[in-house]
Amino acid sequence: MRFMIIRKADEQTEAGVMPSAELLDAMGRYNEELIKAGVMLDGMGLHPSERGARVELTRTTKTVTDGPFAEAKELIAGYSLWEVDSLEHAIELVKGWPPEDGDVEIEIRRVAEIEDFGDAATPQVREDAEKLRAITDSKAGQA
Amino acid sequence: MIKSDERTEGGATPTAEDLEAMGRYNEELVKAGVLLAGEGLLDSSKGARVRFKNGAATVIDGPFAEAKELVAGFWLFDVKSKEEVIEWVKRIPCTTDEVSRVEIRQVFEAEDFVIG
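Scoring rules and cut-offs
Residues numbered from 1 in each chain as written. Chains lettered and ligands numbered in written order. Predicted model: local features only at pLDDT ≥ 70, side-chain atom pairs only at ≥ 80, totals over all residues. Buried ≥ 20, exposed ≤ 12 C-beta atoms within 10 Å, placed from the backbone. Helix = DSSP H or I, 4+ residues; strand = E, 2+ residues; numbered from the N terminus. Pairing = 2+ DSSP bridges. Axes fitted to C-alpha atoms, helices over the stretch in contact; angles between N-to-C directions. Contact = placed C-beta atoms within 7 Å. Domains from an automatic or database assignment. Nonpolar A, V, L, I, M, F, W, Y, C, P; charged D, E, K, R; others polar.

(A) Representation of the pairing of strand S5 (residues 71-77) of chain B within the structure. All names here are of chain B. Taken across its seven residues, S5 has five buried, putting it largely inside the fold. Where strand S1 (residues 2-3) lies against S5, two bridges are found, and the strand directions are antiparallel. Pairing of Lys-3 across the sheet is with Val-71, part of S5. Relative to S5, strand S2 (residues 35-40) is paired through five bridges, and the arrangement is antiparallel. Residue pairing for S5: Gly-38 is matched across the bridge by Trp-75.

Written out as structure tokens, the structure is:
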């Protein structure tokens, strides 16, 4: 099963403080081990929210608000996508997060698979999802 | 990133209609060469948090109370500008009158990490 591993934002990431060389090294080694173990599928770091925006949508209205957003602890500074056997396994691996990153909070969330949608996953939906996965997987390989 | 709400945190899964509308939207993104990845997340009761304090790890099991702070899913887009991504986000299918909340954030590229 797949999990999204979310590194929460804090004042430093929101202020645009770049990671130290020491942290980048440690994170590189951690990620390399996860890749070797076949766990890590993808990973991204995010710029501070001042470069982003929020959009609230209803059927008829679309409201755009430019960043930055005040509540650093509610924001995300980065994420990885992992393939592991269980939530417990993901937790064990997260416990090995590089201590160079300081007092951080990591959220672990299960990614939905097509089977999780039950009867709503009609043959059409399954076909669409498979086509999409093939395309996004090939893009990920190029990136 | 599409944010959670009471529906997604209540474990409500999308209807066939929702999934088909999303499939059509994703197909347009693919045709335009914009979509790199996209995933939905299960409600936070299937997750956990690990909090580090002075090197010690504390595990907190889900669910987490603040639905609006949580993420329910994400797309990864490759676009030329923030304006372009906003235009795509405005077209995310809304099948109900409830408000959907989407946050747009720029991803770091390798060249951003060049240190002084």
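(B) Inspection of the sheet that holds strand S5 (residues 76-83) of chain A at higher detail. Taken together, six strands build an open sheet; the order of strands is S2(A)-S5(A)-S1(A)-S6(A)-S3(B)-S4(B) and the sheet is antiparallel. Strand pairing shows two members of the sheet lacking a second neighbour, strand S2 (40-45) of chain A together with strand S4 (56-61) of chain B, which therefore form its edges. Adjacent strand axes in the sheet meet at a mean angle of 15° when their direction is disregarded. The sheet contacts of helix H3 (residues 87-94) of chain A involve strand S1 (2-8), S5 and strand S6 (105-110) of chain A together with strand S3 (48-53) and S4 of chain B, and relative to S6(A) the element is tilted by about 160°.

(C) Region of interest: the domain arrangement of chain A. Examined at the domain level, chain A breaks down into domain 1 (2-111) and domain 2 (114-143). The centre of domain 1 of chain A, based on its C-alpha atoms, is set 24 Å off from the matching centre of domain 2 of chain A.

(D) Quick peek at the interface of chain B and chain A. The interface of chain B with chain A comprises 51 residues on the first partner and 55 residues on the second. Breaking the side of chain B that touches chain A down by element, the ones donating at least two residues are helix H2 (16-31), S2, S3, S4, helix H3 (82-90) and strand S6 (100-104) of chain B. Element by element, the count of residues in the side of chain B that touches chain A is highest for H2(B), at seven residues. Partitioned by chemical class, the residues of the side of chain B that touches chain A number 26 nonpolar, 11 polar and 14 charged. Pairing between strand S3 (residues 53-57) of chain A and S6(B): five bridges, direction antiparallel. For Ala53(A), the partnering residue across the bridge sits in S6(B) and is Ile104(B).

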